[in-house]
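In case you want the letters, here they are:
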Amino acid sequence: MSRPAPREIAARLDALRQAMAGRQLAAYVVPTSDPHQSEYVPAVWRRREWISGFTGSAGTAVVTREGAWLWTDARYWLQAAQQLPADAFELQRDGARDVPKPAQWLASRLRAGDAVGVDPACVSIAQWRAWTEALAPSGVRLEPVAENLVDAIWRERPSLPAEPVMALDVAFAGRPWEDKVAELRDELRRARCDAHVVAALDSVAWLLNIRGRDVECNPLVVSYAIVTPERLLLFVDEAKLPAAVRRHLGGVEIHPYGAFFAVLAELAQKERRFWVDPAHTSQAVLERLLASGAEVHEAPSPILLAKAVKNETEIAGMRACHVRDGAAVCRFLVWLEEAMAAHAEVDEVSAAERLYAYRAEGAHFQGLSFATISAYGRNGAIVHYGPERGTCAKLEPAGLYLLDSGAQYLDGTTDITRTVAVGPVSREQQEAFTRVLKGHIAVATARFPDGTTGAQLDAFARRPLWESGIDYAHRTGHGVGHFLCVHEGPIGIGTGSNTPLKPRMVLSNEPGYYRAGAFGIRLENLVEVVELSPGEEGVPFYGFASLTLCPIDLRCVLPDLLDEGERAWLDAYHRTVRTELEPLLRDPRERRWLERATRPV
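Note that the structure is a prediction, hence the values are computed from the model and not measured.

Here's the deal with the sheet that holds strand β20 (residues 416-421)
Taken together, the three strands give an open sheet; going across it, the order is β16-β17-β20, and neighbouring strands pair in antiparallel fashion. Edge positions in the open sheet fall to β16 (373-376) and β20, since each of these has one partner strand only. Between one strand axis and the next, the sheet turns by 10° as a mean value, whatever way the strands run. Two elements, β16 and strand β17 (residues 400-405), share four bridges in a ladder whose sense is antiparallel. Looking at the pairing, Tyr 376 lines up with Tyr 401 of β17. Contacting β16, β17 and β20, helix α15 (residues 348-360) runs over the sheet at an angle of about 140° to β16.

In structure tokens:
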């Protein structure tokens, strides 16, 4: 989607306000999410981006008769400030002190009797309920608008994606999809439910061992599924199913994607009690079920935890793909170091393309797991920076370069951030880097009892920064799927990550520090939760094992700031990196670089 000019954004807002007036709406909300409550959405559903010009993966646009506002979290404050047309949109820094949430803000601005319109297909059941409760005390009502008003004014809107579906062989998936469905049906029986609506795209893909290319960087298929004790219905564009996939899905009832709501209403006449996940199912689904007379059981889908705890094949694949991925990143870092020494012309986009080429040479490569964050100098302070050809920065042989990247492989998903010196760095940068490293090591070496959540571990990473009066405004970690979404719930490390961690879960460990207008630092490894020796009275204790294998730039480290245990961890990690990656680096130059990069502190 090309970047619109400010006057084009203004024209779109005028058209939206005319549509609002026709429905007597005082405000209209344009969320980021789609009918499946996705974080990353296909072009056809990028409505918030189209109306605002802001391309980040998180945000909510609110349009009234008088103005327009966009809420986004701290990862995107700098990016949103650059992309939003100042004469059309006002940025609301979500999470900042004294900045209300959109619903609270609307409740304080609108009058009793006013209506706030939103497409119920793009809002989860939980979010709809929260908004309704926030608006009610002010007499403002949330109005479901089934015909999306942005769609009504969006000329040349993209079509639904039509990429072919692929079956993920059990050699990679670890279990036949029939076994997963059988376990889900056991959960249905225990909950005394007659059907489960599976709306989240990654849940459908995991359940049926299918993958696709409908969402950029996410191997997903636009689809719904409904599971009953006797039937399994898949709603998908049938033209996207090759013969091999149809054979793979033998026994599954295939229905057109567009027939989902009609079939759901028909089923609701027979299967009385439906299980829906309120965080991952739209309000539109709930409304259709209730209108059809169904009883609704709201609870997190059992698929979420089953997907988060990798099976033995999946976790083995995650380990294997990280070895290949680490070798590709190391080859890139050798190339980058040599290019900087030779004063070659390298910019942020060309650097990202070179890394892609190294990854693409590896086995089972399927593409990137997210758009590469290739950020030199001050651009590193933009947490989710996206370089663009023609306007991106050229790398100079001085300062810091932040590279956050990942790939999709048939056997797993990777996500790694390294901040490296491309020339001389200041002591201020080294101290900040070392404090981020200390936080990373604190999480990597954590030992915790069964029942511990990521919310409880978050401060481990922040303490070394807090001691110096600094912090970072994003979560310390997120869950990661197996050849699925690089951001996978329900686990993470940060506020709100309240799901207990269990062995074979995979998540990121990525503290950082960002000096606006100057530089950014982030160090990220993916880790798996592993079982350690039990505590008193046999209480299970867990820890983390690093999956990511790539040197941490010692040129940026102040060894005197590390204690003995931290130095020991860093040396041991680098020994593992050298042992695992050296066989894959056949060029003597690359082997010499690896030996130097993993030397003892």
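Some points on the pairing of strand β10 (residues 224-227)
Of the two faces of β10, the one carrying Tyr 224 and Ile 226 and the one carrying Ala 225 and Val 227 are both buried. By the bridge criterion, three bridges tie strand β8 (residues 195-198) to β10 in an arrangement that is antiparallel. Its bridge partner lying in β10, Val 198 is registered against Ala 225. Where β10 meets strand β11 (residues 232-235), four bridges bridge the pair, whose relative direction is antiparallel. Each residue of the ladder has a partner; that of Ile 226, found in β11, is Leu 233. If you look at the hairpin formed by β10 and β11, you'll find four residues sitting between the two strands.

Thoughts on empty space enclosed by the protein
Going through the model one piece at a time under the given rule, you end up with three cavities of 30 Å³ or more. Lining the largest cavity, in full, are His 196, Val 197, Val 198, Ala 199, Ala 200, Ser 203, Asp 277, His 280, Thr 281, Ser 301 and Leu 304. Per element, the largest residue contribution to the lining of the largest cavity is three residues, and it comes from β8. Of the residues that constitute the lining of the largest cavity, the class distribution is five nonpolar, five polar and one charged. Its boundaries defined by the atoms lining it, the second largest cavity holds a volume of some 40 Å³. What lines the second largest cavity is Tyr 28, Val 29, Val 30, Pro 31, Ser 33, Trp 45, Arg 47, Asp 119, Cys 122 and Asn 148. Examining the composition of the lining of the second largest cavity, we find that four residues originate from one element, strand β1 (residues 27-31), more than from any other. Grouping the amino acids of the lining of the second largest cavity by side-chain chemistry returns six nonpolar, two polar and two charged.

Focus: the packing of helix α18 (residues 564-581) against helix α19 (residues 588-597)
The interhelical angle for the contact between α18 and α19, taken along N-to-C directions, is 165°, at an axis separation of 9 Å. With respect to α19, the axis of α18 lies roughly antiparallel. Every pair of crossing elements has a handedness; the one defined by α18 and α19 is left-handed. Two secondary-structure elements touch here, α18 through His 574, Val 577, Arg 578 and Leu 581 and α19 through Leu 594, Glu 595 and Ala 597.

Considering the pattern of salt bridges
Per the stated rule, a full pass over the model turns up 41 salt bridges. Between Asp 94 and Lys 101 there is a salt bridge whose closest N-O contact spans 2.8 Å. What you see here is one network of salt bridges that share partners, running through Asp 202, Lys 307, Lys 310 and Glu 488.

Some points on the environment of Leu 249
Relative to the assigned elements, Leu 249 resides in the loop between α10 (243-248) and β12 (253-255). Remark: the alpha-carbon pair of Leu 249 and Asn 209, spanning 40 residues in sequence, is separated by 9.2 Å. Setting aside its immediate chain neighbours within four residues, Leu 249 contacts Trp 177, Leu 208, Ile 210, Leu 234 and Ile 254.

Details of the nonpolar core
Phe 332, Leu 336, Tyr 401, Leu 501 and Phe 544 are the most contacted members of the largest nonpolar core, which totals 72 residues. Leave out the neighbours within four places in its chain, and Phe 332 touches Ala 351, Arg 354, Leu 355, Tyr 358, Tyr 401 and Leu 403.

Things to note about the packing of aromatic side chains
According to the stated counting rule, one finds 16 aromatic pairs in the structure shown. Here the aromatic rings of Phe 260 and Phe 261 are separated by 5.1 Å at their centres, their planes lie at 75°, and the arrangement is edge-to-face. Owing to a relative accessible area of 1%, Phe 260 belongs among the buried residues under this scheme. Classification of Phe 261 as partly exposed rests on a relative accessible area of 23%. What links up through ring pairs into an aromatic cluster is the set Tyr 224, Phe 235, Tyr 257, Phe 260 and Phe 261. Here the basic side chain of Lys 180 rests over the ring of Trp 206, its NZ or CZ set 4.1 Å away from the ring centre. Between the NZ or CZ atom of Arg 462 and the centre of the ring of Tyr 472, over which it lies, the distance is 3.9 Å.

Regarding the domain arrangement of the protein chain
Segmentation of the protein chain into domains returns domain 1 (6-153), domain 2 (166-306) and domain 3 (309-598). Look at where the C-alpha atoms of domain 2 and domain 3 centre, and you get two points 34 Å apart. Taken together, the contacts link 20 residues of domain 2 with 23 residues of domain 3. In this assembly, domain 2 packs against domain 3 so that about 1700 Å² is buried in total across both faces, 61% of it on carbon and sulfur atoms. Per-residue buried area on domain 2 facing domain 3 is highest for Phe 172, Cys 217 and Leu 305; these three make up 36% of the total on that side. The tally of links between domain 2 and domain 3 comes to zero salt bridges. Taken together, the links from domain 2 to domain 3 amount to six residue pairs in polar contact (both at pLDDT 80 or more). It is helix α7 (residues 170-173) that provides the largest number of residues to the side of domain 2 that touches domain 3, a total of four residues. Residue composition of the side of domain 2 that touches domain 3, by class: 14 nonpolar, two polar and four charged.

What counts and how
Residues numbered from 1 in each chain as written. Predicted model: local features only at pLDDT ≥ 70, side-chain atom pairs only at ≥ 80, totals over all residues. Heavy atoms only, no water. Pairing = 2+ DSSP bridges. Helix = DSSP H or I, 4+ residues; strand = E, 2+ residues; numbered from the N terminus. Axes fitted to C-alpha atoms, helices over the stretch in contact; angles between N-to-C directions. Contact = heavy atoms within 4.5 Å. Buried < 20%, exposed > 50% of the residue type's maximum accessible area, 1.4 Å probe, protein only. 1 Å grid on protein atoms, 1.4 Å probe; cavity = no way out; pocket = protein on both sides within 12 Å on 5 of 7 lines; lining within 4 Å. Points joined across faces, edges and corners; volume = space filled by probe spheres on them. Nonpolar A, V, L, I, M, F, W, Y, C, P; charged D, E, K, R; others polar. Parallel < 35°, antiparallel > 145°, perpendicular 65-115°, else oblique. Left-handed = near helix turned anticlockwise from the far one by under 90°. Salt bridge = Lys/Arg side-chain N within 4 Å of Asp/Glu carboxyl O. Core = buried A, V, L, I, M, F, W, Y, C linked by side-chain atoms within 4.5 Å. Phe/Tyr/Trp six-rings, centres within 6.5 Å; stacked < 30°, edge-to-face > 60°. Lys NZ or Arg CZ within 6 Å of the ring centre and 35° of its normal. Domains from an automatic or database assignment. Buried area = accessible area lost by both parts, 1.4 Å probe. Polar contact = N/O pair within 3.5 Å; in protein donor to acceptor, adjacent residues only side chain to side chain.

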